[in-house]
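# Topology and contacts: notes
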Amino acid sequence: MDFKRVVIKVGSALVAPDGKGCSGKYLLSIARFISHCQSQNKEVILVSSGSVAAGRKLIAHGSPNPSIASKQAMAAVGQMQMMANWQRFFDFPCSQLLITHGDLKDRRRYINIKNTLRILIENQVLPVVNENDTVATEELKVGDNDNLAALVAMVSDADCLLILSDVNGVYDQDPNKAADAKLFTEIDKIDDALYAMAGGTNNKIATGGMKTKIQAAEKACEHGITTFIVNGSRSEVFEALLRGENPGTKFIAQQSPLKAKKYWLKHTLKSHGSVVIDEGAINAVVNKGASLLATGIIEIYGDFVKGESVNITAHCGTRVLAKGICQYSSQDLEKIQGKNSNEIEQILGYCQSKEIIHRDDLVLLNE
Ligand code: GLU
């Protein structure tokens, strides 16, 4: 596996197996793999399921199908246990991010999640993400952590998504029923036939099945993120991954994440306003690959909230030079335009970021 930043999704069946709450049974080899990646300067973000499964024993419900409120209470108590279970395997700090689909859809919250992940990684803190099950309502839920992990891989600009499950990968038929079921080692096209082959889940404690894993792979691959589904309950799988082998199913992304991101910024994301920049800023942004700072901004047009995309134009013409995700709303940007980055805090009372548009979130239109 050749990657710089990986999102690793760990399913409930590995975190809290056998309906007995949290366990270290499978996490030890997963944690060892994560530590190994870190020691090779690879960046890791963990998406961990298991809060509901871990809390199940601790909330009285007396029913095989607990109510939504009971499940939310299970998640509240199980999340603590799950985090403590992870932390005991690492000698670096873990951090907890609980998010919903509503957070990822909201541009302001999206940019907060993105910035937080960036800073945690820079500080060698392991982000552990889960859906905020206690507050999420049906319409604001991602619903399963496979799809959540794909969204996290996109928001964090990862180049690899590794889905750890208790199955070996994608088969052409159910391996529990057919002895001659064949494992797909590489998939470069995700179509209806593949979904039909994959079916749902047989595992009572897992939310997703193969279907949500393929959905996740499809989302990730569209964004240039290579995806693997492997069996995380077998320690030899991690040894194989570290040797650069593929022990499960690999979904091949057709383009690089950088190219996919630039395409998304350029063609998919709608601009909500524009900023006009001076000669110095044009030189920095266009010729030097720098981020856009407040000092180079001369004018602002449109009404946008932080996290929305804006066009960057030159003062001497109307040609759009670049596009990018803005860290400040138009209202706040008006107060800090032309100012030095270290004056931002004093003027606004907060400093979201020293960059107005971070280079990672900017694309030149002639690229
Ligand atoms: N967020 C759920 C939990 O922690 C898991 C969802 C999933 O496994 O897909 O229990």
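Refer to the structure presented above.
Residues numbered from 1 in each chain as written. Predicted model: local features only at pLDDT ≥ 70, side-chain atom pairs only at ≥ 80, totals over all residues. Heavy atoms only, no water.

### Focus on the environment of Thr212
The line we're drawing: Helical segments are the DSSP runs of H or I of at least four residues, strand segments are the runs of E of at least two, and each set is numbered from the N terminus. For the exposure calls, accessible area comes from a 1.4 Å probe over protein chains only, and a residue counts as buried if that area is under 20% of its type's maximum, exposed if over 50%, partly exposed in between.
Examined against the element boundaries, Thr212 turns out to sit in helix 9 (residues 210–222). Assessed through its relative accessible area of 12%, Thr212 is described here as buried. Spatially, the C-alpha atoms of Thr212 and Ala54 are 21 Å apart, while their sequence positions differ by 158 residues.

### As for the packing of helix 7 (residues 145–155) against helix 9
Inclusion rule: Angles run from 0 to 180 degrees between N-to-C directions of axes, and those axes are lines fitted to C-alpha atoms, restricted for helices to the stretch in contact. Throughout this description, any angle smaller than 35 degrees is read as roughly parallel, any larger than 145 degrees as roughly antiparallel, any in the 65 to 115 degree range as roughly perpendicular, and the remainder as oblique. The hand of a helix crossing depends on one turn: near helix anticlockwise from the far one by less than a right angle means left-handed, and clockwise means right-handed. In this analysis, two residues are considered to be in contact whenever any of their non-hydrogen atoms come within 4.5 Å of each other. Any residue outside Ala, Val, Leu, Ile, Met, Phe, Trp, Tyr, Cys, Pro, Asp, Glu, Lys and Arg is labelled polar, Gly included; the first ten of those are nonpolar and the last four are charged.
Contact geometry for helix 7 and helix 9: axes closest at 8 Å, N-to-C directions at 15 degrees. If you check the angle between helix 7 and helix 9, you find them roughly parallel. Crossing hand, helix 7 versus helix 9: right-handed. Across from Asp146, Asn147, Ala150, Leu151 and Met154 in helix 7, the residues of helix 9 making contact are Thr212, Lys213, Gln215, Ala216, Lys219 and Ala220. Grouping the amino acids of the contact of helix 7 with helix 9 by side-chain chemistry returns 5 nonpolar, 3 polar and 3 charged.

### What about the nonpolar core?
Convention followed: Nonpolar cores were defined as sets of buried Ala, Val, Leu, Ile, Met, Phe, Trp, Tyr and Cys residues, with membership established by side-chain atoms within 4.5 Å.
Val7, Val129, Leu148, Val152, Leu161, Val170 and Phe251 are the most contacted members of the largest nonpolar core, which has 46 residues in total. At the level of elements, strand 2 (43–48), strand 3 (94–99), helix 6 (107–122), helix 7, strand 5 (160–165), helix 8 (192–198), helix 9 and helix 11 (257–268) are the ones that each hand at least two residues to this core. Considering every element that reaches this core, the biggest residue donor is helix 7, with 8 residues. Discounting residues that sit within four places of it in the chain, Phe251 has contacts with Val170, Ile187, Ile190, Leu194, Ile214, Ala217, Cys221, Thr226, Thr227 and Ile229. Counting residues in hydrophobic clusters, the runner-up holds 32 residues, among them Val10, Met82, Phe228 and Phe238.

### A short note on the side chain of Ser48
The condition that has to hold: Within 3.5 Å is the distance limit for a polar contact, defined as a pair of N or O atoms, with the added protein rule that one can donate a hydrogen and the other accept it, and that residues adjacent in sequence qualify only through two side-chain atoms.
Among the structural elements, Ser48 can be located in strand 2. One polar contact links Ser48 to Trp86, side chain to side chain, over a distance of 2.9 Å. If sequence neighbours within four positions are ignored, Ser48 has contacts with Val10, Val15, Met82, Trp86, Val128, Val129, Asn130 and Asn145.

### A word on the side chain of Ser156
For Ser156, the location among the structural elements is in the loop between helix 7 and strand 5. Looking at Ser156, its side chain comes within polar contact range of the main-chain oxygen of Ala153, at 3.4 Å. When sequence neighbours within four positions are dropped, the list of residues in contact with Ser156 reads Arg5, Val7, Ile45 and Leu117.

### A few points about the site of the ligand
Where we set the bar: Residue proximity to a molecule or strand is established when one non-hydrogen atom of the residue lies within 4 Å of it. Only the protein chains shown count as covering a residue, and every accessible area follows the Shrake-Rupley method with a 1.4 Å probe.
The immediate surroundings of the ligand are formed by 10 residues, with Ser49, Ser51, Asn130, Asp133 and Asn145 found nearest. At a separation of 3.0 Å, an oxygen atom of the ligand approaches a polar side-chain atom of Ser49. The separation between an oxygen atom of the ligand and a polar main-chain atom of Val52 is 3.0 Å. Calculation on the ligand without its partners gives an accessible area of 300 Å², and the protein chains cover 94% of this total. Tallied by class, the residues present in the shell around the ligand amount to 1 nonpolar, 7 polar and 2 charged.

### Points about the sheet that holds strand 13 (residues 362–364)
Using the following cut-off: Two strands are said to pair when DSSP picks up at least two bridges between them.
Across the sheet, 5 strands lie side by side as 10-9-11-12-13; this open sheet has mixed pairing. In the strand order of this sheet, the two ends are held by strand 10 (297–302) and strand 13, each with one partner. Each neighbouring strand pair of the sheet contributes to a mean axis angle of 25 degrees, computed without reference to strand direction. Sheet topology places strand 12 (residues 320–325) next to strand 13; 3 bridges connect them, and they run antiparallel. Across the sheet, the residue bridging to Ala322 is Leu364, located in strand 13.

### A closer look at helix 11
Residues spaced three or four apart along an α-helix point in a common direction, a consequence of the helix completing one turn every 3.6 residues. The criterion, for reference: Here, the arc refers to the directions that run from the helix axis to the C-beta atoms.
Among all positions of helix 11, only Ala260, Lys261, Trp264 and Leu265 are buried. Seen end-on, helix 11 carries its buried residues on one side only, within an arc spanning 135 degrees. Of the residues in helix 11, the exposed ones pointing more than 90 degrees away from the buried face are Leu258, Lys259 and His267.

### Points about unusual backbone geometry
Comment: phi is negative for the bulk of residues other than glycine, and the bulk of peptide bonds are trans. Positive phi, normally seen in glycine, also occurs at Gln124, with a value near 55 degrees. Structurally, Gln124 can be placed in the loop between helix 6 and strand 4 (126–131). Located in the positive-phi region is Asp157, a residue other than glycine, with phi close to 55 degrees. Relative to the helices and strands, Asp157 is located in the loop between helix 7 and strand 5.

Function cannot be inferred from these measures alone, as they are strictly geometric.
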